[in-house]
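Each chain is listed here by its residues.
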Amino acid sequence: MATTRLRELASTIRSKNAGVDHITFDVIFRERANFERVRDSGVLAEAKIPGLFNLDPKRITHYCVFEPANAIKFTIRRLKPSGSPGERDVFGSQQYAPLFDVQVP
Amino acid sequence: MPSVKILCPTGHLSFTPLEKGSFLLGCEQKPDFIIADAGSCDMGPRPLGADQHVSMEAWQRQDLEIMLLKSRELGVPMIVGSASDTGTDRGVDQFVGLIADIARQHKLKPFKLAAIYAEIPVADLKRRQAGGTVIYGLDGRADADPLVLDRTTRAVAVMNAEPIRAALRAGADVVIAGRSSDCALFAAPLLEAGLSPAVSYYAGKLMECASFCAEPFMGKESILGRIEGEEVYVTAMHPGQRCTPASIASHAMYERTNPYREYVAGGYVDMSQCVYTQVDPKTTRATGATFVADPSIKVKLEGAGLVGHRRLAVVGIRDPQTISLIDKAIDWAKGKLAERFGPVGQGYDVFYHLYGRNAVMEELDPAPDLKPHELGIVVEAIDKDPARAQEICALAARNLFYARLPEVKGTAGTAALMSDEILIGEPGYEWTLNHVIEVKSAMELFRIRHLVVEGGAAKEAA
């Protein structure tokens, strides 16, 4: 079966600070069918997130399928609070790129 | 059934200037209140720690002027929270001064202004802690111990609706509040109008970022909220924007870990049963929030502490061999630092930001480009002593130039220095406090001054 990249199915893929200790990721779909396709495929299941970001699973603090917005949302803990010396993305707003090419069956 | 209309022109006053066109369209709808927040934690800990605003004062003045003139013309209160980015006492005083000066310039009739202060001396927190008060950690942080407070340079308490309600009850025409919960700015007048905590805080949550809750994406445009009973109607004021169930629902999850809950002092709003309905092309109705009360009152604390002085250098690399061996080059440079200053990370720190490889995501990047065409490196050094920070940065950058690498052909320098110059960065701070403290009254940590603005000055009300 042909796969489609997530960027072609989602209308919004973003990351942003959620407070000073977390970065939250939102994948939002305009069409309900696309949302359900991704949700049911499991490619963005909580267990799949660490592999997409080289992430210790313990850093995932929240994971949620947010039905009212046709959205999948997860939040990770920062290694240091936002804006500490050495910071690379003070708003946490450019951490979502690896989600673009997730292959959705 | 009370019905209240609130106009919100911007999600962060003067971070960039607000857009006047949609604001004036909103004013034609005869709002009962004009409300905007002016601060955030988003910019990092330095503004609070150093007590500096990051918004340009010219923009602060412009945004406040646009809001104040319409507020006085319409005869409706204006509420601004988290004054001047930080919500510190400096920020409140600066905004009060700007308001007084704008009033003088436009010869406005005298009006009442309430200034609410939210800064809390670290010594006060230490006294409370010594007296047995627990400062609870948020977001997985440990409870604050005395060392955390020792590391804190400056702290603010985040006010909820109560101090703003008190200001409105006293008849304030303008409220300039220190650090505030964004949604409390909106909840305060709604609660005063007799609306429920659920709908009041919920409306605030939906409206706090102005046009971010509408589509297509635009910042700094006005939105109008009409709150009736348990219903919130949110309308985009920009002719090209609309509020849709999708845009409102997706905003409800913006910048938050849990899209179903909004915590305030005294409880949380449960948004899990909310329903969003399009009622006209630009308006969505949101209903279904409930409020879960907490018998204790916990107020959030934010604190920032100075880590050290920062120095920066910019280095480029084009030699493909050096690029492929950049980790070895950095190891070499760190070795030279260790010879002189001891191990990196002990008493000082150095960060190599590798733009072109993984500077933006670092350890989170699943596929860093290990052989980019060229590599841009920002070297960041931090130390308590500014002269030593300068020396560390110079050694950390220049040793990329002198790195000893196998098979390097360019023996006249292994890096391109943008200029052999160490840039002076702003001091580095860290968020030391992201905590809550239990209090007896939601007013306890805040101070209100009731002023009259007249003749270019803000004076204590008689």
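Residues numbered from 1 in each chain as written. Chains lettered and ligands numbered in written order. Predicted model: local features only at pLDDT ≥ 70, side-chain atom pairs only at ≥ 80, totals over all residues. Heavy atoms only, no water.

## Focus: the pattern of salt bridges
Using the criterion set out here, one finds 44 salt bridges over all chains in the structure. A salt bridge links E444 of chain B to R128 of chain B; the nearest nitrogen and oxygen atoms lie 2.8 Å apart. Taken together, the residues span a long stretch of sequence, with E444 of chain B in the loop between β20 (428–439) and β21 (447–454) and R128 of chain B in helix α5 (residues 122–130) at a distance of 316 residues. For E391 of chain B, the salt bridge is made with R340 of chain B, and the minimal N-O distance between the two is 2.8 Å. With E391 of chain B in helix α13 (residues 386–401) and R340 of chain B in helix α12 (residues 326–341), this pair connects stretches of sequence that are 51 residues apart. The exposure class of E391 of chain B is partly exposed, given its relative accessible area of 32%. In this structure, a network of salt bridges that share partners links the residues R32, E36, R39, D40 and E67 of chain A. (Salt bridge = Lys/Arg side-chain N within 4 Å of Asp/Glu carboxyl O. Helix = DSSP H or I, 4+ residues; strand = E, 2+ residues; numbered from the N terminus. Buried < 20%, exposed > 50% of the residue type's maximum accessible area, 1.4 Å probe, protein only.)

## A short note on the packing of helix α3 (residues 57–74) of chain B against helix α4 (residues 89–105) of chain B
Helix packing for two helices is described by the angle between their axes and how far apart those axes are. All names here are of chain B. Where α3 meets α4, the closest approach of the two axes is 10 Å, and the angle between their N-to-C directions is 60 degrees. Accordingly, the angle class assigned to the pair α3 and α4 is oblique. For the pair α3 and α4, the sense of crossing is right-handed. Together, E57, Q60, R61, L64, E65 and L68 of α3 and Q94, F95, L98, I99, D101, I102, A103 and Q105 of α4 make up the contact between the two elements. Considered class by class, the residues forming the contact of α3 with α4 number seven nonpolar, three polar and four charged. (Axes fitted to C-alpha atoms, helices over the stretch in contact; angles between N-to-C directions. Parallel < 35°, antiparallel > 145°, perpendicular 65-115°, else oblique. Left-handed = near helix turned anticlockwise from the far one by under 90°. Contact = heavy atoms within 4.5 Å. Nonpolar A, V, L, I, M, F, W, Y, C, P; charged D, E, K, R; others polar.)

## Side note on the environment of F15 of chain B
Mapped onto the elements of the fold, F15 of chain B is located in the loop between β1 (3–8) and α1 (20–27). Along the backbone, F15 of chain B and D63 of chain B are 48 residues apart, and their C-alpha atoms lie at a distance of 9.9 Å.

## A closer look at helix α10 (residues 245–252) of chain B
Because an α-helix packs 3.6 residues into every turn, residues spaced three or four apart end up facing the same way. In terms of burial, α10 of chain B is a largely internal element, six of the eight residues being buried. Those residues of α10 of chain B not exposed but buried are S247, I248, A249, S250, H251 and A252 of chain B.

## Let's talk about the interface of chain B and chain A
Taken together, the contact between chain B and chain A spans 39 residues of the former and 44 residues of the latter. At the boundary of chain B with chain A, total buried surface from both sides reaches about 3,400 Å², with 59% on carbon and sulfur atoms. Counting the surface chain B buries against chain A, the share from its top three residues, M253, T257 and L364 of chain B, is 20%. Seen at the junction of chain B and chain A, the total is six salt bridges. Two residues, K16 of chain A and E255 of chain B, come together in a salt bridge whose shortest N-O distance is 2.4 Å. Seen at the junction of chain B and chain A, the total is 17 residue pairs in polar contact (both at pLDDT 80 or more). Ranked by residues supplied to the side of chain B that touches chain A, first place goes to β20 of chain B with five residues. Residues belonging to the side of chain B that touches chain A are distributed by class as follows: 21 nonpolar, eight polar and 10 charged. (Buried area = accessible area lost by both parts, 1.4 Å probe. Polar contact = N/O pair within 3.5 Å; in protein donor to acceptor, adjacent residues only side chain to side chain.)

## Structural notes on α12 of chain B
Residues and elements named next belong to chain B. Its 16 residues place the ends of α12 22 Å apart at the C-alpha level, agreeing with the 22 Å of an ideal helix rising 1.5 Å per residue. I326, A329, I330, A333, L337 and F341 are the residues of α12 that are buried. Along α12, the residues classed as buried sweep out an arc of 100 degrees about the axis, all on the same side. Seen from the open side of α12, the exposed residues pointing more than 90 degrees away from its buried face are D331 and E339. Elements that come into contact with the buried residues of α12 comprise β15 (297–317), α11 (320–324), β16 (348–355), β17 (375–383) and α13. (Expected span 1.5 Å × (residues − 1). Arc of directions from axis to C-beta.)

## Quick word on the pairing of β20 of chain B
All names here are of chain B. Taking burial as the measure, the 12 residues of β20 include 11 buried ones, the bulk of the element. With three bridges connecting them, strand β5 (residues 135–137) and β20 associate as antiparallel partners. Considered in β20, the bridge of I135 is made with I437. Pairing of β15 with β20, which is carried by 11 bridges, proceeds in the antiparallel orientation. Among the inter-strand pairings, L301 is bridged to a residue of β20, identified as H435. (Pairing = 2+ DSSP bridges.)

## Side note on the sheet that holds strand β2 (residues 12–17) of chain A
Residues and elements named next belong to chain A. One open sheet accounts for four strands, arranged β2-β3-β5-β4; its pairing is antiparallel. Pairing within the sheet leaves two strands with one partner each, and these edge strands are β2 and β4 (60–66). Within this sheet the neighbouring strands show an average axis-to-axis angle of 10 degrees, counted without direction. The pairing of β4 with strand β5 (residues 71–77) spans six bridges and is antiparallel. Among the inter-strand pairings, V65 is bridged to a residue of β5, identified as I72. Along the sheet, helix α2 (residues 32–41) makes contact with β4 and β5, crossing β5 at roughly 50 degrees.

## A closer look at the sheet that holds strand β2 (residues 33–39) of chain B
Residues and elements named next belong to chain B. Ordered by their spatial adjacency, 11 strands build an open sheet running β12-β13-β9-β8-β1-β2-β3-β7-β4-β21-β22, and the pairing between neighbours is mixed. Edge strands, defined here as strands with exactly one partner in the open sheet, are β12 (275–280) and β22 (457–460). Along the sheet, successive strands turn relative to each other by an average axial angle of 25 degrees, direction set aside. Here six bridges tie β1 to strand β8 (residues 223–228), and the two strands are oriented antiparallel to one another. The partner of S3 across the bridge, within β8, is E228. On the sheet, helix α7 (residues 161–169) packs against β2, β3 (78–85), β4 (111–117), β7 (174–177) and β21 and is oriented at approximately 160 degrees with respect to β4.

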